[in-house]
Amino acid sequence: MAAYPGMSMGEAHRRITEYLNRFSDAVSKQDAASLRFLLSLSSNSPFLLSLADALNTFHDSSRLIKHSDHYSQFSDILFNFFRSLQTYRLANLFDSYQAFEKSANAFIQEFRNWESAWALEALYALAYEIRVLAERADRELASNGKSPEKLKAAGSFLMKVFGVLAGKGPKRVGALYVTCQLFKVYFKLGTVHLCRSVIRSIETARIFDFEEFPKRDKVTYMYYTGRLEVFNENFPAADNKLSYALTHCNPRREANIRMILKYLIPVKLSIGILPKDWLLEKYNLVEYRDVVQALRRGDLRLLRHALQEHEDRFLRSGVFLVLEKLELQVYQRLVKKIYFIQKQKDPTKAHQVKLEVIVKALKWLEMDMDVDEVECIMSILIYKNLVKGYFAHKSKVVVLSKQDPFPKLNGKPVNS
């Protein structure tokens, strides 16, 4: 085959040899940062792209690897990495993934033999790359009408890596980074139940001390476990985990802060805490603006309109059902407004709210409900401890408690 356009055979040979020397030096000097760079396939660095072009020009790189004492012990890593890089450059992502997984498996075997944890940064690069490459390979498979299967394979590989790190030595601090990559795989595949076994290992195994993990990984871990708690509707736990992630997130990483707030805001709303308008503006979370306004005003129509307008976005995030349940708080706010209006007119009768008055308020909001439906809603509000009072059934009146008729949630979810 002819040389790659613009590159001579001699130049290709030089570039391949340069990579092999840099790889060998990184290992011998235990230079994790350099090794990470050399394995970061999808970084599209000019150095790796030119190496890919060299490999597609000079077709005998395996001979260079095998015939040198410096490189031959890493032949399985290097040969398969080269194959992966070649096919990646040619946009053949399925083959690139296949070769990369073989290279990564060979790297794991070497990593096991290294006593210290010096190569963790390089291992992180492999864990990241295999996930990203698997996602892209699956998109390629799907576009060709085939079943996407590589992300699932990447999950299996990452579990193997987790097993290597889950020992008593210094390598264990890398386990949380790999766990977070696993979370990303499971969330993407819609198999979040598989997160439980890894969470159990991290949170109950005595070999792990959560505080010794890198801050970056703790933030990511709390973000994903917080999301899991949102799905499980365990709002106090979700609040704790997502608040931890927000507090410890790098303040310059606005995109990450936005991702955390996307889930923390519905959680806070569920426990009666409303965000400031400036927060929604700053982090471009305007989809929550009308939801918050509806809660402030007791405007059921506005809440339903907001949920309908942003339905796709809320469904994709998995928070639609959480937001839908805010209706009870909106009803509470509406009754509270009626109570305050009555209190201004006649303080002695403010605690007696006629169901017909609530029906009229809802009608003004273009919500058609009859007295029986309103009575049912009020029963739920009383049962859920959002309203303190009782019914005078004959007169169709809710008699509110004179002491704290509208209990605050105080950071606790509505009673289920």
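Preceding block: the structure.
Here's what I pulled together on the structure shown here. A quick note: this is a predicted structure, and the numbers were derived from the prediction, not measured.

**A short note on the state of the cysteines**
- This structure, assessed with the given rule, holds zero disulfides.
- The thiol of Cys195 is unpaired, and the distance to the nearest cysteine sulfur, on Cys180, comes to 10 Å.

**Things to note about the nonpolar core**
- Tyr19, Phe23, Phe107 and Met378 are the most contacted members of the largest nonpolar core, which has 148 residues in total.
- Ignoring anything within four residues of it in the chain, the contact list for Tyr19 reads Leu38, Leu39, Phe47, Leu48, Leu51, Leu78, Phe81 and Phe82.

**A short note on helix H21 (residues 355–364)**
- For H21, every residue scored as buried is listed here: Leu355, Ile358, Val359, Ala361 and Leu362. For H21, the angular spread of buried residues about the axis comes to 160 degrees, placing them on one side. Set apart from the buried face of H21 by more than 90 degrees, the exposed residues are Lys360, Lys363 and Trp364.
- On its buried side, H21 packs onto helix H17 (300–309), helix H20 (327–345), strand S1 (352–354), helix H22 (371–383), strand S2 (389–392) and strand S3 (397–400).
- Phi turns positive, to about 65 degrees, at Glu366, one or two residues after H21.

**Quick word on the pairing of S3**
- Covered by surrounding structure in S3 are Val397 and Val399 together with Val398 and Leu400, the residues of both alternating faces.
- Two strands pair when backbone bridges link them, and S1 and S3 are joined in this way by three bridges, in the antiparallel orientation. Across the sheet, residue Gln352 finds its bridge partner in S3, namely Val399.
- Both S2 and S3 contribute to a ladder of four bridges, which runs antiparallel. Opposite Ala392, over in S3, you have Val397 as the bridge partner.
- Here S2 folds back onto S3, and the loop between the two strands holds four residues, one of which, Lys396, carries a positive phi near 55 degrees.

**Notes on the side chain of Asp217**
- Inspection of the secondary structure assignment puts Asp217 in helix H12 (residues 215–231).
- Of the residues examined, Asp217 reaches a relative accessible area of 2% and is grouped as buried.
- With near-sequence residues (within four places) excluded, Asp217 lies in contact with Tyr124, Leu176, Tyr177 and Cys180.

Conventions and cut-offs
Positions within a chain are numbered from 1, following the residues in the order the chain's sequence is written. At least 70 in pLDDT is required for a residue's local features to be given in this predicted model, at least 80 for side-chain atom pairs to be given and counted, and no such filter applies to totals for whole chains, interfaces and linings, which use all residues. Hydrogens and water molecules were not included; the side-chain quantities draw on all heavy atoms of the structure. In plain terms, two cysteine sulfur atoms within 2.5 Å form what is called a disulfide here. Working definition of a nonpolar core: buried Ala, Val, Leu, Ile, Met, Phe, Trp, Tyr and Cys residues. They are joined through side-chain atoms within 4.5 Å. Categorising residues by exposure relies on relative accessible area from a 1.4 Å probe, with only protein chains included: less than 20% of the type maximum marks a residue as buried, more than 50% marks it as exposed, and the intermediate range marks it as partly exposed. Between two residues, a contact is recorded if the distance between any of their heavy atoms is within 4.5 Å. The secondary structure listing takes helices from DSSP runs of H or I that are at least 4 residues long and strands from runs of E that are at least 2 residues long, numbered from the N terminus. The directions considered for the arc are those from the helix axis to the C-beta atoms. Here, a strand pair is defined by DSSP locating no fewer than two bridges between the strands.

None of the figures reported here should be taken as evidence of function without further support.
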